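Examining the three-dimensional arrangement
Spelled out from the first residue to the last, the chains are:
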Amino acid sequence: MAFPGVVIILLLLGLILSKKVSALAALTCVPIVVALLAGFGLDTFSFAVEGIKNIAPVAAMFIFAIIFFGVLMDAGMFDPIINRILRMVKNHPARITMGAALLAMIVHLDGSGAVTFLITIPAILPLFEKLNMDKRVLAAVVALGAGTMNMVPWGGPTIRAATALGVEVTDLYRPIMIPQIAGLIFVLLVAYYLGKREQKRLGIKTKGQPGKTFIRELTEDEKAMRRPKLFWFNIFLTIATIVVLISGIIPPVMAFMIGTILALMINYPRLKEQRERVDAHSKAAILMASILLAAGVFTGILKESGMISAMAGEAAELIPQRLGQHVPAILSVISMPLSFFLDPDSYYFGFLPVMAAAGSELGLNPLSLAHASLLGQMTTGFPLSPLTPATFLLIGLTKIDLADHQRFTFKYAFLTTLVMAIVSVILGIFPL
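Note that the coordinates shown come from a computational prediction; the quantities given were computed from them, not determined experimentally.

**Some points on the overall build of the chain**
Across its full length, the chain carries 20 helices and zero strands. Since a compact globule built from 432 residues should have a radius of gyration of about 22 Å, the 22 Å found for the chain is in line with a globular shape. Projecting the C-alpha coordinates of the chain onto the three principal axes gives extents of approximately 75 × 55 × 40 Å. Counting only residues that meet the buried cut, the chain has 56% of its 432 residues in that class.

**Digging into unusual backbone geometry**
Despite not being glycine, N132 shows a phi value in the positive range, around 60°. For N132, a relative accessible area of 57% translates into the label exposed. Residues other than glycine seldom take positive phi values, yet M378 does so here, at roughly 60°. Looking at where M378 falls in the secondary structure, it is placed in the loop between helix 18 (366-374) and helix 19 (389-398).

**Some thoughts on the environment of L102**
Relative to the elements of secondary structure, L102 occurs in helix 5 (residues 93-107). Since its relative accessible area comes to 35%, L102 is described here as partly exposed. Separated by 83 residues in the primary sequence, L102 and I185 place their C-alpha atoms 9.9 Å from one another. In this view, L102 contacts I85 and L188; residues no more than four positions away in its chain are not counted.

**Some points on empty space enclosed by the protein**
If you walk through the whole model with that rule in mind, you get one cavity of 30 Å³ or more. If you add up the space inside the largest cavity, you get close to 70 Å³. Lining the largest cavity, in full, are G51, N54, I55, T163, G166, T299, G300, K303 and E304. It is helix 14 (residues 271-304) that provides the largest number of residues to the lining of the largest cavity, a total of four residues. Each residue belonging to the lining of the largest cavity can be placed in one class, and the counts come to one nonpolar, six polar and two charged.

**Considering the layout of surface pockets**
In this structure, the largest pocket encloses a volume near 1500 Å³. Lining of the largest pocket is provided by 47 residues; of these, G111, S112, G113, A114 and L287 occupy positions nearest its centre. Among the residues forming the lining of the largest pocket, the class breakdown is 26 nonpolar, 10 polar and 11 charged.

**Quick look at helix 4 (residues 79-89)**
Note that an α-helix has 3.6 residues per turn; residues three or four places apart therefore point the same way. Of all the positions in helix 4, only D79, I82, I85, L86 and V89 are classed as buried. Summarising the axial view, the buried residues of helix 4 lie within an arc of 135°, below the 170-degree limit, and thus occupy one face. Buried residues along helix 4 sit in contact with helix 5 and helix 6 (113-131). Count one or two residues on from helix 4 and you reach K90, which has phi positive near 45°.

**Concerning the packing of aromatic side chains**
Counted according to the given criterion, the structure contains 13 aromatic pairs. Centre to centre, the rings of F68 and F256 are 5.7 Å apart; their planes meet at 65°, and the pair counts as edge-to-face. Pair noted here: F68 is in helix 3 (residues 43-74) and F256 is in helix 13 (residues 252-267), with a separation of 188 residues, a long-range link. An identical accessibility class is assigned to F68 and F256; each is buried.

**A few points about the packing of helix 4 against helix 6**
Interaxial distance between helix 4 and helix 6 falls to 11 Å at its minimum, and their mutual angle equals 20°. The orientation of helix 4 with respect to helix 6, classified from their angle, is roughly parallel. Remark: the crossing between helix 4 and helix 6 carries right-handed chirality. Judged by residue contacts, I82, L86 and V89 of helix 4 engage I119, A123, I124 and L127 from helix 6. The residue inventory of the contact of helix 4 with helix 6, partitioned by class, reads seven nonpolar, no polar and no charged.

**What to know about the environment of H326**
Note on placement: H326 falls in the loop between helix 15 (307-318) and helix 16 (327-334). Looking at H326, the relative accessible area reads 25%, which means it is partly exposed. The sequence separation of H326 and F430 amounts to 104 residues, and the corresponding C-alpha distance is 8.6 Å.

Rules used throughout
Residues numbered from 1 in each chain as written. Predicted model: local features only at pLDDT ≥ 70, side-chain atom pairs only at ≥ 80, totals over all residues. Heavy atoms only, no water. Helix = DSSP H or I, 4+ residues; strand = E, 2+ residues; numbered from the N terminus. Rg over C-alpha atoms; globule rule 2.2 N^0.38 Å. Buried < 20%, exposed > 50% of the residue type's maximum accessible area, 1.4 Å probe, protein only. Contact = heavy atoms within 4.5 Å. 1 Å grid on protein atoms, 1.4 Å probe; cavity = no way out; pocket = protein on both sides within 12 Å on 5 of 7 lines; lining within 4 Å. Points joined across faces, edges and corners; volume = space filled by probe spheres on them. Nonpolar A, V, L, I, M, F, W, Y, C, P; charged D, E, K, R; others polar. Arc of directions from axis to C-beta. Phe/Tyr/Trp six-rings, centres within 6.5 Å; stacked < 30°, edge-to-face > 60°. Axes fitted to C-alpha atoms, helices over the stretch in contact; angles between N-to-C directions. Parallel < 35°, antiparallel > 145°, perpendicular 65-115°, else oblique. Left-handed = near helix turned anticlockwise from the far one by under 90°.

So, in structure tokens, the structure goes:
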């Protein structure tokens, strides 16, 4: 029973990494074809449907999360925050780098790396160019801020991990919330350090210097969508939605569904405006939701057919018993570098389920392996990985080479993951 599962995993990894087949096609077709050839017959499709049923709430949550944050961004909820940060940083290098990191964290609430980079870099880059600051520093602090924020419950890695293990996304996220906060604080400290280093390198004296405030210009279309009078309502709605989501009072999908409806109705009362806002963000939402549903087919067939259990048993026998309890800690350390070799679909849908099941055989909590993975794999690692398009957008906007960006930023991203791993061990999230 393990052999067909291994074939599915290897084919999936090969096809996705070769970029000759889409993740949607690979996740759907590979397990179906192999299961049919392995003799499971029409039961294969029952397995697939069972997987889709388990994944449907997560896919729905992701759809409404994207629309929710997209609508709030259109309404201008982030504008006063961005402008406030720009007013505060002025010409002080340490403030500029910390402001860039903080801005990336705030904007990345919507979970999109591309949107984060498109808003943050153009807002901060003029300050770097005016002071002749190293643009690698800008790319680094923005990457660290966005990467660490990518652990949020509606972020791609967390949703993929929850989907792969068949657990509620909030149950998966809650234990790593404090390590994430520790990581964000560490990122701000790194940003301060890099800013001070730039200030020293350039010989800039900030004491007594008034500095100039840069203003972010909006297009006419952006101005037409803004709802400045509803800023505080939108802030309250965002906080309330996130609190309800993390508390688990109601299912996550309902938290974002209700939040999205309220955001649309209050900010854009006319039906035509509501349709336009939904249309503007539906492409990204449907693309990811389709991949999640395809992952439901994949995980459903592997789990219901017994392949996962069989592979886990084989894998558990290969891991020395004395190393068993250390697997999550080891995985947390290598999770960030693995972003360079495995894209999120390959890792979370192909690698993680087998590791989690093997960990269970060794007496580990399967969720501990997901927690370890989320500390680096396509979180702190995604803005450096050549496997993510957003990385190329980041280096394009900052006008630096990929190799320079990776060499400069890697150590800080790796240290951020290590800080979160240490906090996780201290809190007992997984053993050392």
